[in-house]
Amino acid sequence: MIHNLLKKPRPFALILIVLLVLLTGLTGCGSNTVKTQSNASVTPSDSANNSSSGNTSSSTGSSSATSVKVTLYFPAPDASGLVPVERTVTVTNDEIIKAMFSELSNPPSGVEPALPKGTELLSATVKDGIATINLSKQFKSNFSGGATGEQLILYSIVDTLTTLSNVKSVQFLLDGAQTVTILKEFDTSSPLKRNESLIRKL
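What counts, and where the lines are drawn
Residues numbered from 1 in each chain as written. Predicted model: local features only at pLDDT ≥ 70, side-chain atom pairs only at ≥ 80, totals over all residues. Heavy atoms only, no water. Pairing = 2+ DSSP bridges. Helix = DSSP H or I, 4+ residues; strand = E, 2+ residues; numbered from the N terminus. Core = buried A, V, L, I, M, F, W, Y, C linked by side-chain atoms within 4.5 Å. Buried < 20%, exposed > 50% of the residue type's maximum accessible area, 1.4 Å probe, protein only. Contact = heavy atoms within 4.5 Å. Phe/Tyr/Trp six-rings, centres within 6.5 Å; stacked < 30°, edge-to-face > 60°. Polar contact = N/O pair within 3.5 Å; in protein donor to acceptor, adjacent residues only side chain to side chain. Salt bridge = Lys/Arg side-chain N within 4 Å of Asp/Glu carboxyl O. Axes fitted to C-alpha atoms, helices over the stretch in contact; angles between N-to-C directions. Parallel < 35°, antiparallel > 145°, perpendicular 65-115°, else oblique. Left-handed = near helix turned anticlockwise from the far one by under 90°. Nonpolar A, V, L, I, M, F, W, Y, C, P; charged D, E, K, R; others polar.

Here's the deal with the sheet that holds strand E4 (residues 130-135)
Two modes of strand pairing occur in sheets, parallel and antiparallel, and in both the strands are linked by backbone hydrogen bonds.
Here is step 1: With respect to topology, four strands assemble into an open sheet ordered E3-E4-E5-E6, the strand pairing being mixed. Looking along the sheet, the strands with just one partner apiece sit at the ends: strand E3 (121-127) and strand E6 (192-193).
Here is step 2: Bridge count for E3 against E4 is six bridges, and the pairing is antiparallel. From the neighbouring strand, Val126 faces E4, where its bridge partner is Ala131.

Printed below as a string of structure tokens:
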């Protein structure tokens, strides 16, 4: 009888062995799955951070400066008209009118200043062919000429600005206000157009 028992193992012993093998295999598979998911979750967040920092570093701005040849008009010393003067100016961010006014404050020898001392250009805009220029109060308070001088001062500015292709006339403002006469007698209530008759032929 003992011999027969050794030849035929009991069924519950076989079942126990099979269960142990299955449990061991399942534990190993679960461990590998968790490790794979943990490693994969790192990559997307790193990629997003790199993309964000790249966009920030690429946003830069700069101003542009170009050289432009312009024609300026200055009053003649004998008040006989306007003398044309050609210069090359440096224009930053397309502020050509500002560059022209800077040059009108600096006349060459042999002509009169086009602007009364201390005059500042407060602002300048161009719309529908009209350049609206806002001048500081020194434009009027420091002007000491007569009617002819007044006309030449005004048209020094008008004839200079109307050399620009987008300017057909000039509206004067004094310290932000539109006045009937910005200086003394000459009507500046509406925009002034170019006056070729005042330009001296060289």
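Here's the deal with the nonpolar core
Soluble, globular proteins show a tendency: their nonpolar side chains are buried together.
Here is step 1: One finds Ile133, Phe139, Ile157, Leu161 and Phe172 to be the most contacted residues of the largest nonpolar core, which totals 41 residues.
Here is step 2: Counting residues per element, this core draws most heavily on helix H6 (residues 147-161), at seven residues.
Here is step 3: Residues within four places of Phe172 in sequence aside, it is in contact with Ile133, Leu135, Leu154, Ile157, Val158, Gln178, Ile182, Thr188 and Leu192.

So, the packing of aromatic side chains
To describe a pair of aromatic rings, one takes the distance between the centres and the angle between the planes.
Here is step 1: Per the counting criterion, the structure on display carries two aromatic pairs.
Here is step 2: Aromatic side chains Phe139 and Phe172 sit 6.4 Å apart centroid to centroid with 15° between the ring planes, which places their arrangement in the stacked category. In this pair, Phe139 is assigned in helix H5 (residues 138-141) and Phe172 in strand E5 (residues 169-174), connecting sequence segments 33 residues apart. Neither Phe139 nor Phe172 differs from the other in exposure class; each is buried.
Here is step 3: Note on Tyr155 and Phe186: the rings are 5.8 Å apart at their centroids and 85° apart in plane angle, and the pair reads as edge-to-face. Of the two residues, Tyr155 sits in helix H6 while Phe186 sits in the loop between E5 and E6, which places them 31 residues apart along the sequence.
Here is step 4: Overall, the relative accessible area of 24% leaves Phe186 in the partly exposed class.

Section: the environment of Asp187
Here is step 1: In this structure, Asp187 sits in the loop between E5 and E6.
Here is step 2: Of the residues examined, Asp187 reaches a relative accessible area of 42% and is grouped as partly exposed.
Here is step 3: Residues Asp187 and Gln151, 36 residues apart in the sequence, show an inter-C-alpha distance of 10.0 Å.
Here is step 4: Sequence-distant contacts of Asp187, that is, excluding residues within four places in its chain, are made with Val180, Thr181 and Leu192.
Here is step 5: Within the local environment of Asp187, its side chain forms a polar contact with the side chain of Ser189, the two groups lying 2.7 Å apart.

Some thoughts on the pairing of strand E1 (residues 65-75)
Here is step 1: Direction of pairing for E1 relative to strand E2 (residues 82-92): antiparallel, over a ladder of 11 bridges. Directly across from Pro75, in E2, lies its bridge partner Leu82.

Details of the side chain of Thr188
Here is step 1: Note that Thr188 resides in the loop between E5 and E6.
Here is step 2: On the basis of relative accessibility, which here comes to 0%, the residue Thr188 falls in the buried class.
Here is step 3: The residues touching Thr188, leaving out its near neighbours within four places in the chain, are Leu154, Gln171, Phe172, Thr179, Val180, Thr181 and Ile182.

Section: the pattern of salt bridges
Here is step 1: Evaluated as defined, the whole model comprises five salt bridges.
Here is step 2: In this structure, Asp78 and Arg200 form a salt bridge, with 3.6 Å as the shortest nitrogen-oxygen distance. One end of the pair, Asp78, is in the loop between E1 and E2; the other, Arg200, is in the segment after E6, with 122 residues separating them in the sequence.
Here is step 3: Two residues, Arg194 and Glu196, come together in a salt bridge whose shortest N-O distance is 2.6 Å.
Here is step 4: Using a relative accessible area of 27% as the deciding quantity, one classes Arg194 as partly exposed.

Some details on the packing of helix H4 (residues 96-104) against H6
Here is step 1: Between H4 and H6, the shortest axis-to-axis distance is 11 Å and the interhelical angle comes to 140°. Accordingly, the angle class assigned to the pair H4 and H6 is oblique. Relative to H6, H4 is oriented so that their crossing is right-handed. Across from Ile97, Met100, Phe101 and Leu104 in H4, the residues of H6 making contact are Ile157, Thr160 and Leu161.
Here is step 2: Grouping the constituent residues of the contact of H4 with H6 by class yields six nonpolar, one polar and no charged.

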